[in-house]
Amino acid sequence: MKRHIEFERLHNFRDLGGYRTGDGRMVAWGRLYRSDSLGKLRDQNWNHFLDLNIRTVIDLRYPWEIEAKSSVPEPERSRS
């Protein structure tokens, strides 16, 4: 499987599948991702993100970081 998922505006978007958990099981591919600021998603990049069927985003940045660099686009945003 491919770990790095290419986006024009996002850097370091990665699938965390394949890593071992503390109890010896493995994270399933296509179930858990990590990335930089999703607020940069636009146009085809937004559609590519939607195609991954991500349902939950956990933003671990400080509130001031989110405010300064924007947050995840609204889920109801239509495809372009």
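Located above this text is the structure these notes cover.
Predicted model only: the values in this text are computed from it and were never measured.

1. Observations concerning the overall build of the protein chain
Next up, step 1: Helices and strands together make up the secondary structure of the protein chain, namely 2 helices and 2 strands.
Next up, step 2: Secondary structure elements of the protein chain, listed N to C terminal, follow the sequence β-β-α-α.
Next up, step 3: In terms of its C-alpha atoms, the protein chain occupies a principal-axis envelope of roughly 40 × 30 × 20 Å.
Next up, step 4: Going through the 80 residues of the protein chain one by one, you find that 21% of them count as buried.
Next up, step 5: As displayed, the protein chain offers around 6,200 Å² of accessible surface, 51% of which is attributable to carbon and sulfur atoms.
Next up, step 6: Here the protein chain contributes 15 positive and 12 negative side-chain charges, whose respective centroids are spaced 6 Å apart.

2. Considerations on the pattern of salt bridges
Next up, step 1: Tallying each qualifying case throughout the model produces 3 salt bridges.
Next up, step 2: R61 is the salt-bridge partner of D59, the closest N and O atoms lying 2.6 Å from each other.
Next up, step 3: Judged by relative accessible area, R61 falls into the partly exposed class, the value being 22%.

3. Concerning the environment of L32
Next up, step 1: Checked against the element boundaries, L32 lands in the loop between β1 (14-15) and β2 (33-34).
Next up, step 2: We classify L32 as partly exposed; its relative accessible area is 42%.
Next up, step 3: It is 8.6 Å that separates the C-alpha atoms of L32 and R14, two residues lying 18 residues apart in sequence.
Next up, step 4: Contact partners of L32, with chain neighbours within four places excluded, come to R14, D15, L16, G17 and V27.

4. Describing helix α1 (residues 43-51)
Next up, step 1: Buried within α1 are the following residues: N45, W46, N47 and F49.
Next up, step 2: Following α1 by one or two positions, N53 has its phi on the positive side, about 55 degrees.

5. A short note on the nonpolar core
Next up, step 1: Of all hydrophobic cores here, the largest spans 10 residues; its members are I5, F7, L10, F13, Y33, L38, L41, W46, F49 and L52.
Next up, step 2: Excluding residues within four positions of it along the chain, L52 makes contact with F7, F13 and Y33.

6. What to know about the environment of I58
Next up, step 1: Along the chain, I58 falls in the loop between α1 and α2 (63-69).
Next up, step 2: Note: C-alpha distance between I58 and H11 (47 residues apart in sequence) is 17 Å.

7. So, the side chain of S37
Next up, step 1: Within the secondary structure, S37 is located in the loop between β2 and α1.
Next up, step 2: Excluding its chain neighbours within four sequence positions, the residues that come into contact with S37 are L10, R61, K69 and S70.

Rules behind the numbers
- Residues numbered from 1 in each chain as written.
- Predicted model: local features only at pLDDT ≥ 70, side-chain atom pairs only at ≥ 80, totals over all residues.
- Heavy atoms only, no water.
- Helix = DSSP H or I, 4+ residues; strand = E, 2+ residues; numbered from the N terminus.
- Buried < 20%, exposed > 50% of the residue type's maximum accessible area, 1.4 Å probe, protein only.
- Areas by Shrake-Rupley, 256 points an atom, 1.4 Å probe, with all protein chains shown as cover.
- Lys, Arg positive; Asp, Glu negative; His and termini not counted.
- Charge placed at Lys NZ, Arg CZ, Asp CG, Glu CD.
- Salt bridge = Lys/Arg side-chain N within 4 Å of Asp/Glu carboxyl O.
- Contact = heavy atoms within 4.5 Å.
- Core = buried A, V, L, I, M, F, W, Y, C linked by side-chain atoms within 4.5 Å.

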